[in-house]
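A closer look at the structure
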Amino acid sequence: MSSDQTLLERRYRVLGRNAPLFYERPVHLVKGQGVWLTDADGREYLDVYNNVPHVGHCHPHVVEAIARQAATLNIHTRYLHETVVAYAERLTATFAPGLDSVALTCSGTEANELALRMARYRSGGEGIIVSDFSYHGNSETLAAVTTCFPVPEPFPRFARKVAIPDPWRDRQGRSDEELADQFAAQVEAAVRSLEADGIKVAALLIDTLFANEGLPAPLLGYVAKAAAIVRAAGGLFICDEVQAGFGRTGMMWGHQATGVTPDIVTLGKPMGNGHPIAGVVAPTDLIDSFGLAATYFNTFGGNPVSAAAGMAVLDVLENEQLLENANSVGDYVQQGLDRLADKHAIVGNVRGRGLFFGLELVHDDAGRSPATKETKRVMNLMRENGVLISRIGRHDNILKMRPPMVFARTHADHLLAVLDDALGAL
Ligand SMILES: Cc1ncc(COP(=O)(O)O)c(C=O)c1O
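The rules we used
- Position labels on residues start from 1 in each chain and follow its written sequence.
- Reporting of local features is limited, given that this is a predicted model, to residues whose pLDDT is at least 70; pairs of side-chain atoms are given and counted only at 80 or more, and all residues count toward the totals for whole chains, interfaces and linings.
- As a rule here, side-chain values come from all non-hydrogen atoms in the structure, and water together with hydrogens is ignored.
- Each helix is a run of DSSP H or I of at least 4 residues and each strand a run of E of at least 2, with the numbering of both proceeding from the N terminus.
- Three exposure classes are used, based on accessible area relative to the maximum for each residue type with a 1.4 Å probe and protein chains only: buried under 20%, partly exposed in between, and exposed over 50%.
- His is not counted, nor are the chain ends, whereas Lys and Arg count as positive and Asp and Glu as negative.
- Think of a salt bridge as a Lys or Arg side-chain nitrogen and an Asp or Glu carboxyl oxygen that are within 4 Å of each other.
- A cutoff of 4 Å decides nearness: a residue is near a molecule or strand if any of its heavy atoms lies inside that distance of it.
- Each polar contact in these results corresponds to two N or O atoms within 3.5 Å; when the atoms are within protein, one needs to be able to donate a hydrogen and the other to accept it, and residues that are neighboring in sequence are counted only if both atoms are side-chain atoms.
- Note on areas: Shrake-Rupley with a 1.4 Å probe; residue coverage comes only from the protein chains shown.
- Residue polarity follows a fixed list, in which Ala, Val, Leu, Ile, Met, Phe, Trp, Tyr, Cys and Pro are nonpolar, Asp, Glu, Lys and Arg are charged, and the others, Gly among them, are polar.
- By this rule the span expected of a helix is its residue count minus one, scaled by 1.5 Å.
- Should any heavy atoms of two residues lie within 4.5 Å, those residues are considered in contact.
- For two strands to count as paired, DSSP must find a minimum of two bridges between them.
- Where helices are involved, their axes are fitted lines through C-alpha atoms of the stretch in contact, as for all axes, and angles between N-to-C directions lie from 0 to 180°.
- Orientation categories follow fixed angle ranges, with anything under 35 degrees roughly parallel, anything over 145 roughly antiparallel, 65 to 115 roughly perpendicular, and all other angles oblique.
- Left-handed describes a crossing whose near helix is turned anticlockwise from the far helix through less than a right angle; right-handed describes the clockwise counterpart.
- These domain limits were set by an automatic method or by a database of domain assignments.
- Once two parts are joined, some of their accessible surface, as seen by a 1.4 Å probe, is lost; buried area is that loss totalled over both.

To continue, consider the side chain of Arg248. Assignment of secondary structure puts Arg248 in the loop between β8 (236-240) and β9 (264-267). No salt bridge is formed by the buried Arg248; the nearest opposite charge belongs to Asp47, separated by 8.8 Å.

Okay, structure coming up:
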């Protein structure tokens, strides 16, 4: 048995057989630097998947900030600390006026759970509306409203799910306005259906990138209409920026492209470059009044080391102009993907925003039926050829590419060449 196989068996024994692993042949990583990962045999992989090491694996500025603070003081969150306050000030300054306070947590799940509690407290309602192919976390409530994979919890009586528009599939001759109206009508119907059960809506909880849904091209007006319907019924719009945030789309926050300022924003994954820090950004009066009613505290959430990591991520985003990089390298990758779509008939649709791309693989038939098997094959072929990507969407037929933000044109050329080969090998 190879040493990787032995490690896999040991993992099965102590972490269980169903603790998820990527790829048919899992990758055993030992080192990361920038956009590169190294496995136990010394083989290098281009990382075109991981958004948690947002400013690059083991970025020296972040490593140094964490190490310095860990060597100075780390303690729970009920003491005064300069870096924690300075980080909260700097972070909230990146949002529209009104979103001016933050509650720091350790994970996206905790952030979304807290956001739901705040929305229910403020609205006096209980109802939650989510998309019909979404994931927002693994707590009891968030697991129950998960719609993109099976969960043992029944879908709750207080929740409703709505379909998200995918202009490439759903347009059928309709204008943006007509399409947005058609899908927003589902939100209206969800609100009315909750009310028919005696439940007032508390929140619409969505990721405005709709990443898990398959990253459909943005439909102008849809999010604004959906949020307006929920607000008119007394609910709040919670925007989950766990995947979209911190410049991924080329704008600091994914919701900025929708023209709507959310009532509450939740943050996570990229926030500490791998250090577990997440948070809820909301109006000061909501955080204050909820805090009074709930005495919310989080032992580790936003401790001094986490705040130092978060601060260092913001430094690197600024110093290395990574939002500009997401826009310029993003455009470059997009053009390359468009060329691959012209060359390989199986590529039905290319979609992307900033440094987040989806390539939908479909069969050449009238219904554009999903090429799920082929998508899995491309993903595994690319892994064998040293490039890590994944797949998303209702049919798992959309290649998902979302590299660390220090992705450069040379990396893009490498990605495109390996992808071209994998598509050619089908
Ligand atoms: C959109 C979105 N929200 C929330 C979460 C949950 O975050 P965490 O795993 O940090 O709890 C995830 C995780 O994949 C996510 O993709």
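Back to the write-up after that little detour.
Looking now at the site of the ligand. What surrounds the ligand is the set Ser107, Gly108, Thr109, Asn112, Tyr135, His136, Asn212, Asp240, Val242, Gln243 and Lys269. At 2.5 Å, a side-chain N or O of Thr109 approaches an oxygen atom of the ligand. Protein chains shield 82% of the accessible area of the ligand, which is 390 Å² for the free molecule. The leading source of residues in the shell around the ligand is helix α4 (residues 108-123), at three residues. Classifying every residue of the shell around the ligand by side-chain character gives two nonpolar, seven polar and two charged.

This next bit is on helix α1 (residues 3-15). With 13 residues, α1 extends 18 Å between its outermost C-alpha atoms, agreeing within 8% with the 18 Å of an ideal straight helix rising 1.5 Å per residue. Just beyond α1, the residue with positive phi is Gly16, at close to 90°.

Three or more residues of helix α3 (residues 82-92) are buried, namely Thr83, Val84, Ala86, Tyr87, Leu91 and Thr92. On its buried face, α3 sits against α2 (60-70), β4 (101-105), β9 and α10 (304-319).

Let us look at the sheet that holds strand β5 (residues 127-131). Taken together, the seven strands give an open sheet; going across it, the order is β4-β10-β9-β8-β7-β5-β6, and neighbouring strands pair in mixed fashion. Lying at the two open borders of the sheet, with one neighbouring strand each, are β4 and β6 (159-162). Averaged over all adjacent pairs, the angle separating strand axes in this sheet is 20°, with direction ignored. Both strand β7 (residues 201-206) and β8 contribute to a ladder of four bridges, which runs parallel. Following the sheet pairing, Leu205 is matched in β8 by Ile238.

With that settled, consider the packing of helix α12 (residues 372-384) against helix α13 (residues 409-424). Their axes nearest at 9 Å, the elements α12 and α13 cross at an angle of 130°. In this view, α12 runs oblique relative to α13, as classed from their interaxial angle. Between α12 and α13 lies a crossing of right-handed hand. Contacts from Val378, Leu381 and Met382 in α12 reach Leu415, Val418, Leu419, Ala422 and Leu423 in α13.

For the structure on display, the rule yields 20 salt bridges. With its nearest N and O atoms 3.7 Å apart, the salt bridge here joins Glu24 to Lys376. One end of the pair, Glu24, is in the loop between α1 and β1 (29-33); the other, Lys376, is in helix α12, and 352 residues separate them in sequence. By relative accessible area, Lys376 is classed as partly exposed at 34%. The salt bridge involving Glu318 is made with Arg90; its shortest N-O contact spans 3.4 Å. You can see Glu318 sitting in helix α10 and its partner Arg90 sitting in helix α3, a full 228 residues away along the chain. Overall, the relative accessible area of 22% leaves Arg90 in the partly exposed class.

Our next topic: the environment of Glu153. Within the secondary structure, Glu153 is located in the loop between α5 (140-144) and β6. Residue Glu153 is classed as partly exposed on the basis of its relative accessible area of 28%. For the pair Glu153 and Leu292, spaced 139 residues apart in sequence, the C-alpha to C-alpha distance is 31 Å. The residues contacting Glu153, other than those within four sequence positions of it, are Ala143 and Ala144.

What follows deals with the domain arrangement of the protein chain. Under the domain assignment used here, the protein chain contains domain 1 (3-55 + 321-424) and domain 2 (61-319). Once you take the C-alpha centre of each, domain 1 and domain 2 turn out to be 25 Å apart. If you look at the interface, domain 1 gives 34 residues, while domain 2 gives 35 residues. For the pair domain 1 and domain 2, the summed buried surface comes to about 2,900 Å²; carbon and sulfur atoms form 54% of the total. Inspection of the domain 1/domain 2 interface yields three salt bridges. The closest approach of N and O atoms between Asp132 and Arg394, which form a salt bridge, is 2.9 Å. Where domain 1 packs against domain 2, one counts 19 residue pairs in polar contact (both at pLDDT 80 or more). Tallied by class, the residues present in the side of domain 1 that touches domain 2 amount to 15 nonpolar, twelve polar and seven charged.

For the rest of this paragraph, the subject is unusual backbone geometry. Residues other than glycine seldom take positive phi values, yet Thr295 does so here, at roughly 40°. Relative to the helices and strands, Thr295 resides in the loop between α9 (284-294) and α10. Residue classification places Thr295 among the exposed positions, given a relative accessible area of 60%. For Arg368, which is not a glycine, the phi torsion comes out positive at approximately 45°. Its place among the elements puts Arg368 in the loop between β12 (357-361) and α12.

Before going further, it helps to examine the sheet that holds β12. Strand pairing in a sheet relies on backbone hydrogen bonds. The paired strands run either parallel or antiparallel. The strand order across the open sheet built from four strands is β11-β12-β15-β14, with neighbouring strands paired in antiparallel fashion. The open sheet terminates on both sides in strands that have one partner only, identified here as β11 (347-352) and β14 (390-392). The average undirected angle you get between the axes of adjacent strands in this sheet is 30°. Running at roughly 175° to β11, helix α11 (residues 322-343) makes contact with β11, β12 and β15 (398-401) of the sheet. Contacts from α12 reach β12, β14 and β15 within the one sheet, and its direction differs from that of β14 by about 155°.

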